[in-house]
Amino acid sequence: MARDRASRPEAKPLRLFAAVEIPEQVRVALGESVTPLRERFPKARWVPLENQHVTVKFLGSTWPRLMDWVLETISGVAGRHGPFTTRVEGLDAFPKARAARVLWAGLDDAAGRLERLAADLDEALAREFAPEKRAFTPHLTLARFDPPVGLEPLEVTFESEPFDIGRIVLFRSHLRRPAPVYEPIGILPLAG
């Protein structure tokens, strides 16, 4: 009896995104700095420390047949960019602090290195993935609020020591409760 095509493992799409990682010591220090907000908003959906990263390209549902091409394409982009230094600086809310849906920490990108990396990935992957319509803002999502909450004034601040970014990681997202699990499936060094 022929198996239904949709039930074949190779036919099921993977949920993927490309990201740069943040060192553990920075994520731990950032987590400690927002402890007062965690205590104030215990029902918020707080992102686990191990899931904090900077997404540079969200691919979404991706057919397994595209995996080799995706890895090759991201590797090509990574090879055109050299390692660089950045730091986490400042906390903010989206869309605004008086009615926050998201609490996030920004990254210093004065030289535009993260922005160029995201733009190059967008362009290189455009054959199979729609380009991002929103402007790229390098950030770490810390918490989501539903319904929105008032964070004004945002009394918590944070600034990390500089750290190096030397690779792009392609992650597969497994949707779970209370938080997704991110599986690295490709580590692509910046080499430019």
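On a predicted model such as this, the values are computed, not experimentally measured, just so you know. (Residues numbered from 1 in each chain as written. Predicted model: local features only at pLDDT ≥ 70, side-chain atom pairs only at ≥ 80, totals over all residues. Heavy atoms only, no water.)

A. Spotlight on the pairing of strand E1 (residues 14-21). Of all 8 residues in E1, 6 are buried; the element is thus mostly enclosed. Examined bridge by bridge, E1 and strand E3 (residues 53-62) share 8 bridges and lie antiparallel to one another. Bridge pairing in E3 links Arg15 to Ser61. Two elements, E1 and strand E9 (residues 167-174), share 4 bridges in a ladder whose sense is antiparallel. The partner of Phe17 across the bridge, within E9, is Phe171. (Buried < 20%, exposed > 50% of the residue type's maximum accessible area, 1.4 Å probe, protein only. Helix = DSSP H or I, 4+ residues; strand = E, 2+ residues; numbered from the N terminus. Pairing = 2+ DSSP bridges.)

B. Summary view of the packing of aromatic side chains. A full pass over the atoms with the stated rule returns 5 aromatic pairs. A ring pair is formed by Trp46 and Phe145, whose centres lie 6.3 Å apart and whose planes are at 85°; its orientation type is edge-to-face. On the criterion of sequence distance, the pair formed by Trp46 in strand E2 (residues 45-46) and Phe145 in strand E7 (residues 139-149) is long-range, its members being 99 residues apart. This pair shows no difference in class: Trp46 is buried, exactly as Phe145 is. Chaining the aromatic ring pairs together yields one cluster made of Phe17, Phe171 and Tyr182. (Phe/Tyr/Trp six-rings, centres within 6.5 Å; stacked < 30°, edge-to-face > 60°.)

C. Geometry of the nonpolar core. One finds Ile74, Leu140, Phe145 and Leu151 to be the most contacted residues of the largest nonpolar core, which totals 51 residues. With 6 residues, the top contributor of residues to this core is helix H3 (residues 67-79). The contact partners of Phe145, leaving out residues within four places of it in the chain, are Phe41, Ala44, Ala100, Arg101, Val102, Leu103 and Leu151. (Core = buried A, V, L, I, M, F, W, Y, C linked by side-chain atoms within 4.5 Å. Contact = heavy atoms within 4.5 Å.)

D. The pattern of salt bridges, seen in detail. Taken as a whole and assessed by the stated rule, the structure comprises 8 salt bridges. Between Arg87 and Glu89 there is a salt bridge; the shortest N-O distance is 3.1 Å. Judged by relative accessible area, which is 21%, Arg87 ranks as partly exposed. With relative accessibility at 31%, the residue Glu89 sits in the partly exposed group. Its salt-bridge partner being Arg134, residue Glu132 comes within 3.1 Å of it at the nearest N-O pair. Owing to a relative accessible area of 43%, Glu132 belongs among the partly exposed residues under this scheme. One connected set of salt bridges, linked through shared partners, spans Arg87, Glu89, Asp108 and Glu159. (Salt bridge = Lys/Arg side-chain N within 4 Å of Asp/Glu carboxyl O.)

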